[in-house]
Amino acid sequence: MFFESHAHYDDLKFDQDRDILLASLKDEKITKVINVAANLTSSLRSLELAKKYDFVYATVGVHPHDVGAMMENDLETLIGLAAYDKVVAIGEIGLDYYYENSPKEVQKLWFREQINIAKDIGLPIIVHSRDAAKETYDIIKDSKAYEVGGIIHCFSGSKEMAQKYVDLGFYIGIGGVVTYNNAKTLHEVVRAIPLENILIETDSPYLSPVPNRGKRNDSRNLKYVVSAIANIKEISEEQVIKTTYENGLKLFTVHG
Ligand code: NI
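We now turn to the structure provided with this report. (Residues numbered from 1 in each chain as written. Predicted model: local features only at pLDDT ≥ 70, side-chain atom pairs only at ≥ 80, totals over all residues. Heavy atoms only, no water.)

Moving on: the overall build of the protein chain. Assigned secondary structure in the protein chain consists of nine helices and eight strands. For a compact globule of 256 residues, the expected C-alpha radius of gyration is about 18 Å, and the protein chain comes in at 17 Å, within 12% of that figure. Referenced to the eigenvectors of the C-alpha coordinate spread, the extents of the protein chain come out at roughly 45 × 40 × 30 Å. Residues classed as buried in the protein chain amount to 57% of the 256 residues present. Pairs at least 24 residues apart make up 74% of the contacts formed inside the protein chain by residues separated by at least 6 positions. With an accessible surface of roughly 11,300 Å², the protein chain has 49% of that area assigned to carbon and sulfur atoms. For the protein chain, the centre of its 29 positive side-chain charges and the centre of its 37 negative side-chain charges are spaced 4 Å apart. (Helix = DSSP H or I, 4+ residues; strand = E, 2+ residues; numbered from the N terminus. Rg over C-alpha atoms; globule rule 2.2 N^0.38 Å. Buried < 20%, exposed > 50% of the residue type's maximum accessible area, 1.4 Å probe, protein only. Contact = heavy atoms within 4.5 Å. Areas by Shrake-Rupley, 256 points an atom, 1.4 Å probe, with all protein chains shown as cover. Lys, Arg positive; Asp, Glu negative; His and termini not counted. Charge placed at Lys NZ, Arg CZ, Asp CG, Glu CD.)

Following this line, the structure appears as structure tokens:
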């Protein structure tokens, strides 16, 4: 059984066949899916999907791309949504200095505020970090986000940085990029960190793995991520599937 730790099935790209696709996932042994929100609208949509499908769980949160429009009372809205028992994390939250759709200081402010919510409620965080490795780590450490833990999703940093997160008890999210031949740094990360700190993800509909690169992604492609991790770590695919599933159960409250 596969634990999909990061997908966006509320995305418009699934409007034509969302229900058919989701209903088919169990046949593919994908039995847990964390549907990750990126703003208030997708937080609501994520929660709707979690209500509709027993194996889908929701997160609520505002992505760094969207924090520019956040208001103080949005935090209250997030807290209200997070009270539902199928909301299992706050995310995705973090810093994106590559696109910098919102000013850096604004991103930092709302990253911290949303970490505080997670700590108050006792939910883990799902972190997006791009071209802001040091700043992201510093905020996580200073704010004691390790008290609730979480995932550094679609990890793109060095193996040294990955190890620092592992030392804080964080999980490293590994997705389709690991199947790219030229992703040498990520391959080093996967080789260096324990399987006990890895979660598998697709980030659907984005970042399709080889051999489906360029197409719309969905959780059925997790098997390619698994295969790449198994090759790099020289272990069986079964072990990757089993351990990452157990890791998911440890981090998220997904029973029932
Ligand atoms: Ni994502």
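Next up on the list: the coordination of the nickel ion. Here the nickel ion is held by the protein donor atoms His 6 (NE2), His 8 (NE2), Glu 92 (OE) and Asp 203 (OD), which lie 2.1 to 2.3 Å from it. For the nickel ion, the four donor atoms in the first shell make angles of 83 to 174° at the metal, a pattern classed as irregular. Sequence spacing of the donors to the nickel ion: H-x1-H-x83-E-x110-D. Separated by 195 residues along the polypeptide, His 8 in the loop between strand S1 (2–7) and helix H1 (18–25) and Asp 203 in the loop between strand S8 (198–200) and helix H8 (222–233) bring together distant segments of the chain. Side by side, His 8 and Asp 203 carry an identical accessibility label, which is buried. (Donors = N, O, S within 2.8 Å, 3.2 Å for Na, K, Ca; no water. Tetrahedral: all angles 85-135°; square planar, octahedral: opposite > 155°, others 65-115°.)

So, on to the sheet that holds S1. Strands sit in the order S1-S2-S3-S4-S5-S6-S7-S8 across an open sheet of eight strands; the sheet is parallel. Looking at which strands have only one partner, the edges of the open sheet turn out to be S1 and S8. On average, each strand axis in the sheet is tilted by 30° relative to the strand beside it, whichever way the strands run. As defined by bridge partners, strand S3 (residues 56–60) adjoins strand S4 (residues 87–96) across three bridges and the pair is classed as parallel. Looking at the pairing, Val 60 lines up with Ile 90 of S4. Its contacts with the sheet place helix H5 (residues 133–142) against S4, strand S5 (125–130) and strand S6 (150–152), and it is angled at close to 155° to S5. (Pairing = 2+ DSSP bridges. Axes fitted to C-alpha atoms, helices over the stretch in contact; angles between N-to-C directions.)

All we've got here are geometric facts, nothing functional implied.
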